[in-house]
Amino acid sequence: MTVPIPDSFRALRVHKDDHGIHADLQTVPTADLPAGDTLVRVTHSSLNYKDGLAVAGRPGVLRTYPMTPGIDLAGTVLHDDTGTHAPGAPVILTGWGIGERQDGGYATLARVQSQWLVPQPDGTDAAWAMGIGTAGFTAMLAVLALEDHGLTPGDGEVLVTGAAGGVGSTAVALLSAAGHTVTASTGRTEETEYLKSLGAATVIGRDDLTALTRPLEKERWAGVVDTVGGTTLAAAYASTRTHGSLAVCGLAGGSTLQTSVFPLILRGVNLLGIDSVTCPMPRRRAAWTRLARDLPAGRLDAVTQVRGLSELPALAPEILAGRVRGRTVIDVN
Ligand code: NDP
């Protein structure tokens, strides 16, 4: 089957020029796409914290300009030089540097590497995949890492920090679906009912954690999914139970970790790093299969808003200010 390739496409492009760094919706010639063996007709993307930084013109995410941000995309294959994915195949792409080092998902067309693409799990669609996106995928990797290190339902409280955010919300839902007793930590205690609706058994304030400043605190958490870093992570680490594990995902509250080795050497606590960008393909496929099982379409509807490409410049400062609840799907059409 040959699918016609359009001459141009629509994209949100971030430019750096005499007017500073700014994001504009543009029509771009298809010939301007980066090198790659596969062309994807993008239908949906999503808004992650990193995308907020990129669209708002903050340094550290986009490596060159002009660039199309969007670290996630979902759509259908138009053409794959390698023959791996048939034309029309529904696919998902998160990470691998799209929306950072090369053009990403805030466009109706993307040229990428075939080996980066995950087939859309049966019974799911592009909107579902982007409701999950990098944030939900990262939460899944965090839960898998905790399980790999022995966490099983019934072990005790599992803490999720930054719980009302994208990674946090999905982690709460996934842990709850797997039968864990979830404690959600949030700076927005007005989101208590929301977090309980996702499956949190207990909701605690952000300050309840950061009040724990000693190198070893009373043991409480059987496992931790941390999206915040900084003093929050230090507190969670100091209060993790003997042989418990922390899956460390984010830095929404700070990139510095000031702590001691005591939980490592006196309690055998495991600090586990999570990197969704370079996650190997077998793990990716396993994570997406589990996501389709545990968070089927509809499960995240209440925590997902759908917005258009043109709304991104207004949404970016909101996610950076921690005012976006749950997940934002971008319908790029
Ligand atoms: P969101 O902005 O959706 O969520 C972050 C949450 O962190 C906020 O909702 C808030 O939760 C909390 N938070 C924000 N600011 C502060 C602060 N100053 N102090 C304490 N808590 C704060 O972002 P995402 O969920 O998309 O991403 C979360 C983190 O994970 C980011 O740092 C992101 O870069 C990282 N990340 C890492 C990945 C990886 O591969 N390792 C992949 C994806 C994301 P609340 O309101 O509940 O307090």
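Residue indices follow the written sequence of each chain, beginning from 1 at its first position. Predicted model: local features are reported for residues with pLDDT of at least 70 only, side-chain atom pairs are reported and counted for 80 or more only, and whole-chain, interface and lining totals are derived from all residues.

**Some words on the overall build of the chain**
- A helix here means a DSSP run of H or I that spans at least four residues, while a strand means a run of E at least two residues long, and both kinds are numbered starting from the N terminus. Of regular secondary structure, the chain possesses 9 helices and 15 strands.
- Rg of the C-alpha trace for the chain: 20 Å, near the compact-globule value of 20 Å for 333 residues, within the 12% margin.
- Along the three orthogonal principal directions, the C-alpha set of the chain runs to about 60 × 45 × 35 Å.
- Partly exposed residues are those whose C-beta has more than 12 but fewer than 20 other C-beta atoms within 10 Å; 20 or more makes a residue buried and 12 or fewer makes it exposed, with C-beta atoms placed from the backbone. A burial count over the chain gives 50% of its 333 residues as buried.
- Counting only contacts in the chain whose residues sit at least 6 apart along the sequence, the fraction spanning at least 24 positions is 70%. A radius of gyration in this sense is built from C-alpha atoms; the matching globule rule multiplies 2.2 Å by the number of residues raised to 0.38. A residue pair is marked as a contact if its C-beta atoms, positioned from the backbone, fall within 7 Å.

**Observations concerning the domain arrangement of the chain**
- As far as domains go, the chain holds domain 1 (8-125 + 297-331) and domain 2 (134-273).
- For domain 1 versus domain 2, the distance between C-alpha centres works out to 29 Å.
- Contact residues are listed per partner, giving 12 residues for domain 1 and 13 residues for domain 2.
- Of the residues assigned to the side of domain 1 that touches domain 2, the class counts are 4 nonpolar, 4 polar and 4 charged. For the domain bounds, the source is a domain assignment made automatically or taken from a database. Charged residues are taken to be Asp, Glu, Lys and Arg, nonpolar residues to be Ala, Val, Leu, Ile, Met, Phe, Trp, Tyr, Cys and Pro, and polar residues to be all remaining types, Gly included.

**Some words on the UniProt feature "domain: Enoyl reductase (ER)" (unreviewed entry) in the chain**
- UniProt positions are given in the numbering used here, feature names are shortened, and annotations may be inferred rather than shown by experiment. UniProt feature "domain: Enoyl reductase (ER)" (unreviewed entry): in the numbering of this structure it lies at residues 20-330.
- Taken end to end, residues 20-330 is 30% helix and 27% strand, and its first and last C-alpha atoms sit 25 Å apart.

**Considerations on the site of the ligand**
- In this entry, near means the residue's backbone-placed C-beta atom lies within 6 Å of the molecule or strand. The ligand sits among 32 residues. The nearest are Gly162, Gly165, Thr186, Gly250 and Gly253.
- Of all the secondary-structure elements, those providing two or more residues to the shell around the ligand are helix 1 (49-55), helix 2 (126-148) and helix 3 (166-177).
- Residue classes in the shell around the ligand are distributed as 13 nonpolar, 15 polar and 4 charged.
- When residues are assigned to domains, the shell around the ligand turns out to be shared by domain 1 (8-125 + 297-331) and domain 2 (134-273), each giving three or more.

**A look at the packing of helix 2 against helix 8 (residues 281-294)**
- The axes used here are C-alpha line fits, helices contributing only the stretch in contact, and every angle between their N-to-C directions lies in the interval 0 to 180 degrees. It is the contact of helix 2 with helix 8, at a shortest axis distance of 10 Å, that shows an interaxial angle of 100 degrees. If you check the angle between helix 2 and helix 8, you find them roughly perpendicular. Of the residues in helix 8, those touching helix 2 at Ile132, Gly136, Phe137, Met140, Leu141 and Leu144 are Ala287, Arg290 and Leu291.
- Of the residues belonging to the contact of helix 2 with helix 8, the class tally is 7 nonpolar, 1 polar and 1 charged. Should an angle lie under 35 degrees it is considered roughly parallel, over 145 roughly antiparallel, and from 65 to 115 roughly perpendicular; all remaining angles are considered oblique.

**Here's the deal with the packing of helix 2 against helix 3**
- Two elements in contact, helix 2 and helix 3, have axes separated by 8 Å at closest approach and are oriented at 50 degrees. Compared by their axis directions, helix 2 and helix 3 come out oblique. Relative to helix 3, helix 2 is oriented so that their crossing is right-handed. Contacts between helix 2 and helix 3 involve Ile132, Ala135, Gly136, Thr138, Ala139, Met140, Ala142 and Val143 on the former and, on the latter, Gly166, Val167, Thr170, Ala171, Leu174 and Leu175.
- Across the contact of helix 2 with helix 3, the residue classes tally to 10 nonpolar, 4 polar and no charged. The hand of a helix crossing depends on one turn: near helix anticlockwise from the far one by less than a right angle means left-handed, and clockwise means right-handed.

**What about the sheet that holds strand 12 (residues 240-248)?**
- When DSSP locates at least two bridges between a pair of strands, those strands are taken to pair. Reading across from one edge, 10-9-8-11-12-13 is the order of the 6 strands in this open sheet, with parallel pairing throughout. Because the sheet does not close on itself, it has two edges, and the strands there are strand 10 (200-205) and strand 13 (270-273). Recorded for the sheet is a direction-independent mean angle of 20 degrees between the axes of neighbouring strands.
- Two elements, strand 12 and strand 13, share 4 bridges in a ladder whose sense is parallel. Residue Leu246 lies in a different strand from strand 13, and its bridge partner there is Leu271.
- Most of the contacts of helix 3 go to strand 8 (residues 157-161), to which it runs at about 165 degrees, and overall it touches strand 8, strand 9 (181-186), strand 10 and strand 11 (221-226).

**Thoughts on the confidence of the model for the chain**
- The pLDDT value expresses, per residue, how confident the predictor is, ranging between 0 and 100. The predicted model of the chain has a mean per-residue pLDDT of 95, with 99% of residues at 70 or higher.
- For this predicted complex, the interface confidence comes out at an ipTM of 0.99, alongside a pTM of 0.94.

**Some points on unusual backbone geometry**
- Note that the residue after Tyr65, namely Pro66, is joined by a cis bond; omega there is -10 degrees.
- Relative to the helices and strands, Pro66 is located in the loop between helix 1 and strand 4 (72-80).
- The phi torsion at Trp96 lies on the positive side, around 60 degrees, for a residue other than glycine.
- Structurally, Trp96 can be placed in the loop between strand 5 (90-94) and strand 6 (109-112).
- A count of 21 C-beta atoms within 10 Å places Trp96 in the buried class.

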